[in-house]
Each structure stands twice: as C-alpha cells, then as structure tokens.
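# Chains, contacts and geometry: an overview
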Amino acid sequence: MATTTMSPTEHRQVAREFLAASDAEFGQGDVLQGAEKLWGAAAHAIMSVAQERGWRHDSHRTMKNAAIRLAAEREDPLIEAYFGLAEKFHVYFYHRTMEDWERDADRPLVRDFVHRVLG
C-alpha cells in the first residue's frame, strides 16, 4: 500500500480545520472529540513547519523535538511549553486526565500555539 505524504500547505489547512472542529466539538459538549481535534490541530501545525525545514516529524517524539527546535529558532519558549499543553489533550482523549478547569484554562493556550506555529 502506498502512502501519501501531505504537503506543508495541506498540514496547515488540516490544522486550521481541526481547530475549528475542536471548537465545535467542545461547544456541543463532546470534550473527548474536542480534545483530540485540538491535539490534531497542534500536531499538524508542527508537522507543517518540520516538513518545511526537513526535520523529522514521523512520531510523537520527533514532533516534540521539532517544537523544541522551533522554540529555540524563534526564541519563543511558549512554543515548547504550549506543545506540552497540547499533549495533555491527546492524553485526555484516552484517559480523561484533566479537570474541567484545566481544559478551560489550557484550550486557548493550545489555540495560541497553533497560531504561533502557523504564523
């Protein structure tokens, strides 16, 4: 089976679509799907930048490394910190490990991460 690699432009588009879908899911009360789509937005955002720079982005670990590299490159430590918050939403999808107040507090920061990375 052949695999198709998405272009950086396609990753950016998917990130934006997942961000909107996440808002819709949270708005409808489906916090699990909202959380996973928020993580997906963050993942696709970092994949777009990593792919443009020729950095590995084929695993969770390599995406985290890309976020660390991007934070250093842009001298913006919030990129690394907010990627860590995005990871919490991914874990939440499987284990429901966040309190309501955490989700409410961290959601806008992950949205900011996506905008910082794509900006």
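All values derive from a computational prediction rather than experimental measurement.

This part is about the overall build of the protein chain. On a plain count of helices and strands, the protein chain comes out with 5 helices and 0 strands. Helices and strands in the protein chain line up, N terminus first, as α-α-α-α-α. Taken over C-alpha atoms, the radius of gyration comes to 14 Å for the protein chain, in line with the 14 Å a tight globule of 119 residues would show. For the C-alpha atoms alone, the extent of the protein chain along its principal axes is close to 40 × 40 × 25 Å.

In this section: the side chain of H44. Topologically, H44 is positioned in helix α2 (residues 31-53). In this structure H44 comes out as buried when scored by relative accessible area, which is 14%.

This part takes up α2. Compared with the 33 Å implied by 1.5 Å per residue over 23 residues, the 33 Å span of α2 between its first and last C-alpha is a close match. G54 sits one or two positions beyond α2 and adopts a positive phi of about 80°.

An ideal rise of 1.5 Å per residue puts 28 Å on 20 residues; helix α1 (residues 8-27) measures up with 29 Å between its terminal C-alpha atoms. Among the residues making up α1, those that are buried are P8, H11, R12, V14, A15, L19, S22, E25 and F26. What you see down the axis of α1 is that its buried residues fit within an arc of 160°, all on one side. Those residues of α1 that are exposed and aimed more than 90 degrees away from the buried face are T9 and G27. On the buried face of α1, the contacting elements are α2, α4 (77-95) and α5 (100-118). One or two residues past the end of α1 sits G29, with phi positive at roughly 90°.

Let us look at the packing of α2 against α5. Relative orientation of the contacting elements α2 and α5 amounts to 25°, with a least axis distance of 9 Å. Taken as axis vectors, α2 and α5 run roughly parallel relative to one another. Regarding α2 and α5, the two cross each other, and that crossing is left-handed. On the side of α2, the interface is formed by V31, L38, A41, A42, A45, I46, S48 and V49, while α5 contributes R103, R107, V110, R111, F113, V114, V117 and L118.

Calculation rules
Residues numbered from 1 in each chain as written. Predicted model: local features only at pLDDT ≥ 70, side-chain atom pairs only at ≥ 80, totals over all residues. Heavy atoms only, no water. Helix = DSSP H or I, 4+ residues; strand = E, 2+ residues; numbered from the N terminus. Rg over C-alpha atoms; globule rule 2.2 N^0.38 Å. Buried < 20%, exposed > 50% of the residue type's maximum accessible area, 1.4 Å probe, protein only. Expected span 1.5 Å × (residues − 1). Arc of directions from axis to C-beta. Contact = heavy atoms within 4.5 Å. Axes fitted to C-alpha atoms, helices over the stretch in contact; angles between N-to-C directions. Parallel < 35°, antiparallel > 145°, perpendicular 65-115°, else oblique. Left-handed = near helix turned anticlockwise from the far one by under 90°.

Bear in mind that shape data such as this cannot, by itself, settle questions of function.
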